[in-house]
Amino acid sequence: MRARYTNAMQLAYSEAELLREHPYARPHEEAGQPLHGGFDAQGDYVSPRTAVRGDAVRTWTAALETRGVEILTADRSLLLEGSYPTYEQTKLLLANGLCRSLWNSLTITGEVEGRGRFLIDFVPPEFGDIVLEDVSEMGVGHLSRGLLRAHGLDEGGDPATGIGGHDSMWFAARDLLFGAGAYPIPDTPPRIGRPEGARMAPCLSEAHEGFLLLLMNVLMVEVRAEKLFDFTERLLRDPEVFADRREKVDRALALVSRIRADEEIHVAYLRLVLSELRSLTFQNGEGAPIPGHEILDPIWEELVHWHGQELPRESRAQAHTGLRDYIREHPDPEVAEAVLTEFESLEPARPATEQ
Ligand SMILES: [Fe+2]
Ligand SMILES: [Fe+2]
């Protein structure tokens, strides 16, 4: 993301400002589908709705750091499991014409991105109502004033204009690689967050607790996506992969890189807002005031464990079974047997190390 500072001291913004687009020299589109963001006069991609939002998040972050507050770590170091199937396993499948598993994972990624659309009209409970401090000049005070809406539009596109977001961009990348309709559309797993269990912050209302969990779950999904971007970009840059259609692969790669650039502000504002909440003092009803970090830290620790270790292990076990079955579907039984043997020999040790 480029730093284009407008007013480094501004801390309160209108929704219109947080949604404002840069003036693009050229619109963004692929295969006739209008897509969000655009290109500047130099031909560089510029992420959507970041004319003011980018500076706003940087300014709030700097203000928090000036108060001596640490910004929450949320990066790939939290993910202790490697990608699965691994890079070499994926290449093996593609080299043997077993492309449906990559088609499925690109489709599911797009579908999951599209689910973020619910944030466009989501009305969150206000944290300003249950903390002692004034949040009107913090990121947390702007969640319902443009931040969540911008995020939802980035993920799921704008239904009002038909301009596509990340879901359309993943589908466009997939179709460049395989051709539209190459395989059936797979079912998408129902959940993105940790399954709900017992109350995790009974000192908060259920609405506030649920919203806190939502912010943390979405942040961890964004962190997991980082790994997917790395994997996909590395795969598409590999000249041995899709060797017969490199021009289309380059276009798909450009789309994935643009999605990745757009995600930076999501990670940045979610880290900011959770760091702000950790630094605030919660006062709900008659009870004694509680420092935010005492409420947030145990919940964050549990979600990091779930997203970083439990879920990938569970998903890997399921994927392994599914991939074995898929390889056996190869029309030539001898090839199926050879691929299966090699696939198993490439199986990473448990727990999976970084691939
Ligand atoms: Fe996204
Ligand atoms: Fe995102």
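None of these values were measured; they are calculated from a predicted model.

**Q** Talk me through the overall build of the protein; I want residue IDs and the actual numbers.
**A** Per the secondary structure count, the protein includes 10 helices and 5 strands. Here the protein has a C-alpha radius of gyration of 22 Å; the compact-globule value for 355 residues is 20 Å, and the two agree. Taken along the three principal axes of its C-alpha coordinates, the protein extends 70 × 50 × 30 Å. Within the protein, contacts between residues separated by at least 24 positions form 81% of all contacts whose residues are at least 6 apart in sequence. Surface summary for the protein: the accessible area is close to 16,300 Å², and the carbon and sulfur share equals 53%.

**Q** Mind laying out the pattern of salt bridges, listing which residues take part and the relevant values?
**A** This structure, assessed with the given rule, holds 25 salt bridges. Ionic pairing is found between Arg 76 and Asp 230, a salt bridge with its closest N-O pair at 2.5 Å. With Arg 76 in the loop between α2 (53–66) and α3 (87–95) and Asp 230 in helix α7 (residues 206–237), this residue pair connects regions lying 154 residues apart in the sequence. Each member of the salt-bridge network shares a partner with another, and the members are Arg 76, Glu 226, Asp 230, Glu 233, Arg 237 and Arg 260.

**Q** Before we move on, could you go through the side chain of His 36 and cite the residues and values that matter?
**A** Tracing the backbone through its elements, the reader meets His 36 in strand β2 (residues 33–39). Accessibility expressed as a relative area gives 3% for His 36, which makes it buried. Of note is the side chain of His 36, whose polar atom sits 2.7 Å from the side chain of Asp 262. In this view, His 36 contacts His 28, Tyr 45, Pro 48, Arg 49, Leu 153, Asp 154, Ile 163, Gly 164, Gly 165, His 166, Met 169 and Asp 262; residues no more than four positions away in its chain are not counted.

**Q** So what's going on with the pairing of β2? Residues and values would help.
**A** Side chains on a regular strand alternate between the two faces of the sheet. Of all 7 residues making up β2, 5 are buried, and the element is well covered by its neighbours. Judged from the 5 bridges that link them, strand β1 (residues 26–30) and β2 form a sheet pairing that is antiparallel. Bridge pairing in β2 links Arg 26 to Phe 39. A loop of 2 residues connects β1 with β2, the two strands running antiparallel in sequence, and Ala 31 in this loop sits at a positive phi of about 50°. Hairpin connection between β2 and strand β3 (residues 45–46): a loop of 5 residues separates the two successive antiparallel strands, and Gly 43 in this loop has a positive phi of roughly 90°.

**Q** Now, about the coordination of the iron ion (ligand 2): what can you tell me, with residues and values included?
**A** Coordination of the iron ion (ligand 2) by the protein involves Glu 155 (OE), Glu 222 (OE), Glu 222 (OE), Glu 263 (OE) and His 266 (ND1), with metal-donor separations of 1.9 to 2.6 Å. Counting residues between consecutive donors of the iron ion (ligand 2) along the chain gives the motif E-x66-E-x40-E-x2-H. Here the iron ion (ligand 2) and the iron ion (ligand 1) are spaced 3.3 Å apart, with Glu 155 acting as a shared donor. In this pair, Glu 155 sits in helix α5 (residues 143–156) while His 266 sits in helix α8 (residues 246–279), placing the two residues 111 residues apart along the sequence. Per residue, the accessibility class of Glu 155 equals that of His 266, and both read buried.

**Q** Quick one: what's the story with the coordination of the iron ion (ligand 1), residue by residue and with numbers?
**A** The protein atoms that coordinate the iron ion (ligand 1) are Glu 113 (OE), Glu 155 (OE), His 166 (ND1) and Glu 263 (OE), at distances spanning 1.9 to 2.2 Å. Taken together, the 4 donor atoms coordinating the iron ion (ligand 1) and their angles of 81 to 151° define a geometry best described as irregular. Read in sequence order, the donor residues for the iron ion (ligand 1) give the motif E-x41-E-x10-H-x96-E.

**Q** Tell me about the sheet that holds β1, residues and numbers included.
**A** Within the open sheet, the 3 strands sit side by side as β1-β2-β3. Their pairing is antiparallel. Every interior strand has two partners, whereas the edge strands, β1 and β3, have only one. Bridge count for β2 against β3 is 2 bridges, and the pairing is antiparallel. Paired with Phe 39 across the strands is Tyr 45, a residue of β3. Sitting on the sheet, α8 is in contact with β1, β2 and β3, with an inclination near 120° to β1.

**Q** How would you sum up the environment of Leu 212? Please name residues and give values.
**A** Along the polypeptide, Leu 212 turns up in helix α7. Expressed as a C-alpha distance, the spacing of Leu 212 and Trp 300, which sit 88 residues apart in the sequence, is 9.6 Å. With sequence-adjacent residues up to four places away left out, Leu 212 is seen in contact with Phe 127, Leu 204, Leu 274, Leu 277, Ile 295, Leu 296 and Ile 299.

**Q** Give a description of unusual backbone geometry that names residues and reports values.
**A** Among all residues except glycine, the phi angle is most often negative; among peptide bonds, the trans geometry is most common. Each neighbour pair has its own omega, and for Tyr 84 with Pro 85 the value is -5°, a cis peptide bond. Relative to the assigned elements, Pro 85 resides in the loop between α2 and α3. Look at Ala 31: it is not a glycine, yet its phi comes out positive at around 50°. Structurally, Ala 31 can be placed in the loop between β1 and β2.

Here is what the cut-offs are and how they apply
- Residues numbered from 1 in each chain as written.
- Chains lettered and ligands numbered in written order.
- Predicted model: local features only at pLDDT ≥ 70, side-chain atom pairs only at ≥ 80, totals over all residues.
- Heavy atoms only, no water.
- Helix = DSSP H or I, 4+ residues; strand = E, 2+ residues; numbered from the N terminus.
- Rg over C-alpha atoms; globule rule 2.2 N^0.38 Å.
- Contact = heavy atoms within 4.5 Å.
- Areas by Shrake-Rupley, 256 points an atom, 1.4 Å probe, with all protein chains shown as cover.
- Salt bridge = Lys/Arg side-chain N within 4 Å of Asp/Glu carboxyl O.
- Buried < 20%, exposed > 50% of the residue type's maximum accessible area, 1.4 Å probe, protein only.
- Polar contact = N/O pair within 3.5 Å; in protein donor to acceptor, adjacent residues only side chain to side chain.
- Pairing = 2+ DSSP bridges.
- Donors = N, O, S within 2.8 Å, 3.2 Å for Na, K, Ca; no water.
- Tetrahedral: all angles 85-135°; square planar, octahedral: opposite > 155°, others 65-115°.
- Axes fitted to C-alpha atoms, helices over the stretch in contact; angles between N-to-C directions.

Any link to function would need more than the numbers given here.
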